[in-house]
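What follows is each chain in one-letter form.
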Amino acid sequence: DVVCKVYDSGTVHVEKAEDQSRIASLPLSDLDISARVAGTPRYLKFPDNAKLETLANDTVDRLVARYGRRSWLDRVHLLESRFKYVLVGLLLLLVFLWGSFQYGIPWAARVIANMLPPSILNVASQQSLSMLDKSVLSATELDADTHERLKAHFQPLIAFHADYALDIIFRKGGGIGPNAFALPDGTIIFTDEMVNLAEDDQELSAVLAHEIGHVVCRHGMRSIVQDSLLGFAILAITGDITGSSELFIGLPVLLTELAYSREFEREADAYALAYMQDHAIDLRHFANLMRRVEKEAGSAKDDGKKKWINYLSTHPMTDERLKAFE
């Protein structure tokens with residue numbers, strides 16, 4: 001405990017409270033005085049790295065005003081101590097956060113994902129495929145002739161996208177039913193159920209064009225980067241990773257990911273539409289297969305069977321989107 005005396009001349013004396021022995025004596029101009037923030041302690045920092053801590057904020061304010069030591073940071077206390085300024089600040093913060101989540105983070109994710117080297121995409125895809133094979137997928141039950149026929153049928157699409165190292169593989173979907181999805185490195189998985197549900201190979205080509213759209217736009221890595229950036233943004237706002245802040249990290253990720261995935265689907269739709277139009281593929285093939293998937297999923301639900309995590313779940317369809325193909 002100390003006593004700090006400031007004289008009219010601007011000289012500062014610091015003495016021990018117990019015996020009044022002097023610890024320091026120097027001009028006030030040599031001190032670095034921290035700005036006021038609510039009722040938190042103020043700090044008077046000395047040239048030798050000593051620091052005096054005090055809760056006498058009003059007294060320090062008078063000293064700062066009298067000896068002309070004001071800082072632009074003093075405006076922080078002015079803003080936080082006026083209710084109308086707090087409301088305006090809160091409104092601006094909300095607008096900033098909305099803009100960041102809606103536009104800033106997706107833009108940053110797109111830039112980062114496009115800069116990632118192929119080695120990162122390969123590792124992410126291998127780990128994803130390994131996890132899927134261990135959990136929900138199993139070896140394909142399609143015969144070799146079907147494999148060869150479909151790969152030959154897909155060859156024009158693959159050749160057109162030679163720069164993306166596309167690889168088509170087949171798996172039995174089991175619980176995920178009719179499905180197809182693209183991994184970041186260009187591996188595209190068709191489930192046996194999706195192949196069996198198709199009445200025309202061109203329907204599968206339409207789905208493949210859609211999935212290639214995801215690869216070209218790097219939607220897989222953009223999703224991963226977006227989730228990471230959202231988590232870091234929440235940590236930056238809350239200031240820690242413990243307690244209640246952990247509960248809120250997942251909320252914006254969940255809410256915004258729904259919107260982001262819809263945006264990704266629209267981008268992949270646009271890509272598939274353009275390709276199919278340029279190569280004279282009937283657009284209705286895609287919609288026909290999706291309508292069939294929708295009907296099959298509805299029948300399974302009505303029969304009390306386990307509901308599929310089907311293509312409509314991982315690629316949310318809307319009538320508006322399908323009408324574009326119809």
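In this report, we go over the structure that sits alongside the text. All figures in this text were calculated on a predicted structure; none of them were measured in a lab.

1. Let's talk about the overall build of the protein chain
Now for step 1: In terms of helices and strands, the protein chain carries 12 helices and 10 strands.
Now for step 2: For the protein chain, with 326 residues in total, the buried portion stands at 38%.
Now for step 3: Partitioning the intrachain contacts of the protein chain with sequence separation of at least 6 by distance along the chain shows that 57% fall at a separation of at least 24.
Now for step 4: When the accessible surface of the protein chain is totalled, it reaches about 18,800 Å², and 58% of it is carbon and sulfur.

2. Observations concerning the pairing of strand β10 (residues 187-191)
Now for step 1: Judged by how many residues are buried, β10 sits mostly within the fold: five of five residues are covered.
Now for step 2: Note that strand β9 (residues 180-182) and β10 share three bridges and pair antiparallel. Counted as the bridge partner of Ala180 is Phe190 from β10.
Now for step 3: Hairpin geometry of β9 and β10 is characterised by an intervening segment of four residues between the two adjacent antiparallel strands and by a positive phi of about 105° at Gly186.

3. Points about helix α5 (residues 144-160)
Now for step 1: The first and last C-alpha atoms of α5 sit 25 Å apart over 17 residues, in line with the 24 Å expected at 1.5 Å per residue.
Now for step 2: For α5, the principal kink sits at Phe154 and spans about 45°; a proline, Pro156, occurs within the next four residues.
Now for step 3: Residues of α5 that are buried include every one of Thr146, His147, Leu150, Phe154, Leu157 and Ile158, and no others.

4. Description of the sheet that holds strand β2 (residues 11-16)
Now for step 1: Strand order across the open sheet formed by three strands is β1-β2-β3, with antiparallel pairing between neighbours. The open sheet is flanked by β1 (2-6) and β3 (22-27), the only strands paired with a single partner. When the angles between neighbouring strand axes are averaged without regard to direction, this sheet yields 15°.
Now for step 2: Both β1 and β2 contribute to a ladder of five bridges, which runs antiparallel. Along β2, the bridge assignment pairs Val2 with Lys16.

5. Considerations on the pattern of salt bridges
Now for step 1: Counting across every chain of the model gives 16 salt bridges.
Now for step 2: Of the charged contacts in the structure, one is a salt bridge between Asp58 and Arg36, with a shortest N-O distance of 3.0 Å. Note that Asp58 is positioned in helix α1 (residues 57-66) and Arg36 in the loop between β4 (32-33) and β5 (42-45), a separation of 22 residues in sequence.
Now for step 3: Each of Arg36, Arg42, Asp58 and Asp61 takes part in a single network of salt bridges with overlapping partners.

6. Brief notes about the packing of aromatic side chains
Now for step 1: Counted under the stated rule, the structure contains five aromatic pairs.
Now for step 2: On the numbers, 5.5 Å between centres and 80° between planes, the contact of Trp98 with Tyr103 is edge-to-face.
Now for step 3: By relative accessible area, Tyr103 is classed as exposed at 53%.
Now for step 4: Between Phe160 and Tyr275, the ring centres sit 5.4 Å apart and the planes meet at 65°, which makes this aromatic pair edge-to-face. Taken together, the positions of Phe160 in helix α5 and Tyr275 in helix α9 (residues 245-278) put the pair 115 residues apart, joining distant regions of the chain.

7. Considering unusual backbone geometry
Now for step 1: In this model, Asn49 sits at a positive phi of 75°, which is unusual for a non-glycine residue.
Now for step 2: Here Asn49 is to be found in the loop between β5 and β6 (51-54).
Now for step 3: Note on Asn49: relative accessible area 74%, which makes it exposed.
Now for step 4: Although it is not a glycine, Arg218 sits at a positive phi angle of roughly 55°.
Now for step 5: Inspection of the secondary structure puts Arg218 in the loop between α7 (201-216) and α8 (219-238).
Now for step 6: Among the residues examined, Arg218 registers a relative accessible area of 21% and is labelled partly exposed.

The rules behind each value
Residues numbered from 1 in each chain as written. Predicted model: local features only at pLDDT ≥ 70, side-chain atom pairs only at ≥ 80, totals over all residues. Heavy atoms only, no water. Helix = DSSP H or I, 4+ residues; strand = E, 2+ residues; numbered from the N terminus. Buried < 20%, exposed > 50% of the residue type's maximum accessible area, 1.4 Å probe, protein only. Contact = heavy atoms within 4.5 Å. Areas by Shrake-Rupley, 256 points an atom, 1.4 Å probe, with all protein chains shown as cover. Pairing = 2+ DSSP bridges. Expected span 1.5 Å × (residues − 1). Bend = angle between axes of the 7 residues up to and from the residue. Axes fitted to C-alpha atoms, helices over the stretch in contact; angles between N-to-C directions. Salt bridge = Lys/Arg side-chain N within 4 Å of Asp/Glu carboxyl O. Phe/Tyr/Trp six-rings, centres within 6.5 Å; stacked < 30°, edge-to-face > 60°.

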